[in-house]
Amino acid sequence: RNELTAARENAKQAEILRIEADKARQHARDHLAERVARGSADRLEGLIDTLLKEFPSKRQLVIDLGNQKVRLLGEGESLREEITKHESDRIATQAAVEKAKVEQEHLTIQNTHRQLRAGLKKGEPCPVCEQVVKVLPKIPAASALEAAKARVTKADGALREIQNALTRAQSQVEAVPGRLHEIDDRIAEATAA
């Protein structure tokens, strides 16, 4: 927001400079009229004609550069909003990855239980703890472990994509000040000309 305000201020400054340039042009015309009265009109007239021909294009260049600066500031603001969204998405996706990993770990343990359960029979001693088995444990289907692994892989992929998008947006935001400085330099050159 501050950069947008600054760009608008720069646009106002460019308009002030244009008004000053118009005054300078009028002063040059007055000076020419004075020189014509003294006799060196041809040379001054040619110089002024050249300057007057360049003036509209220089003024338009300043206006165009001011507009570019305003657009660039808007892009910078949009990129910062995008970064905020990516950060939020990254946090949520990281939580989803952690949840999927915990679920996968739990199902891996249950899969190990499935293998141990193969030898269990109700009323007989457990081969691990040697206590009489009263109730056989419930164990999820083997496909649940594969589904959990797939969820972890998918969540990890989504997290990588978000991180890549975040890195790209951050790089673009970091380039904005340099681009703004370049535009300011070009505005200064065009204004001076």
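Our structure is the block above this text.
Residues numbered from 1 in each chain as written. Predicted model: local features only at pLDDT ≥ 70, side-chain atom pairs only at ≥ 80, totals over all residues. Heavy atoms only, no water.

1. A short note on the overall build of the protein
Piece 1. Across its full length, the protein carries 3 helices and 0 strands.
Piece 2. From first element to last, N terminus to C terminus, the protein shows the α and β order α-α-α.
Piece 3. The C-alpha radius of gyration of the protein comes to 37 Å, more than 25% above the 16 Å expected for a compact globule of 193 residues.
Piece 4. The principal-axis extent of the C-alpha atoms belonging to the protein is close to 125 × 25 × 20 Å.
Piece 5. When burial is assessed residue by residue, the protein has 21% of its 193 residues classed as buried.
Piece 6. Within the protein, contacts between residues at least 6 apart in sequence are counted, and of these 75% link residues at least 24 apart.
Piece 7. With an accessible surface of roughly 13600 Å², the protein has 54% of that area assigned to carbon and sulfur atoms. (Helix = DSSP H or I, 4+ residues; strand = E, 2+ residues; numbered from the N terminus. Rg over C-alpha atoms; globule rule 2.2 N^0.38 Å. Buried < 20%, exposed > 50% of the residue type's maximum accessible area, 1.4 Å probe, protein only. Contact = heavy atoms within 4.5 Å. Areas by Shrake-Rupley, 256 points an atom, 1.4 Å probe, with all protein chains shown as cover.)

2. Thoughts on the nonpolar core
Piece 1. With 11 residues, the main nonpolar core is built from Ala7, Ala14, Val62, Leu65, Leu72, Leu73, Val176, Leu180, Ile183, Ile187 and Ala190.
Piece 2. Of all the elements in the fold, those that place two or more residues in this core are α1 (2-38), α2 (41-117) and α3 (142-192).
Piece 3. Of the residues forming this core, the biggest block, 5 residues, is contributed by α3.
Piece 4. Once residues within four sequence positions are removed from consideration, alanine 7 is found in contact with Lys69, Val70 and Leu73.
Piece 5. Among the nonpolar cores identified, the runner-up in size contains 5 residues, and Ile83, Leu166, Ala169 and Val173 belong to it. (Core = buried A, V, L, I, M, F, W, Y, C linked by side-chain atoms within 4.5 Å.)

3. Observations regarding the side chain of histidine 86
Piece 1. By the element assignment, histidine 86 lies in helix α2.
Piece 2. Accessibility expressed as a relative area gives 13% for histidine 86, which makes it buried.
Piece 3. Aside from chain neighbours lying at most four places away, what touches histidine 86 is Ile162, Ala165 and Leu166.

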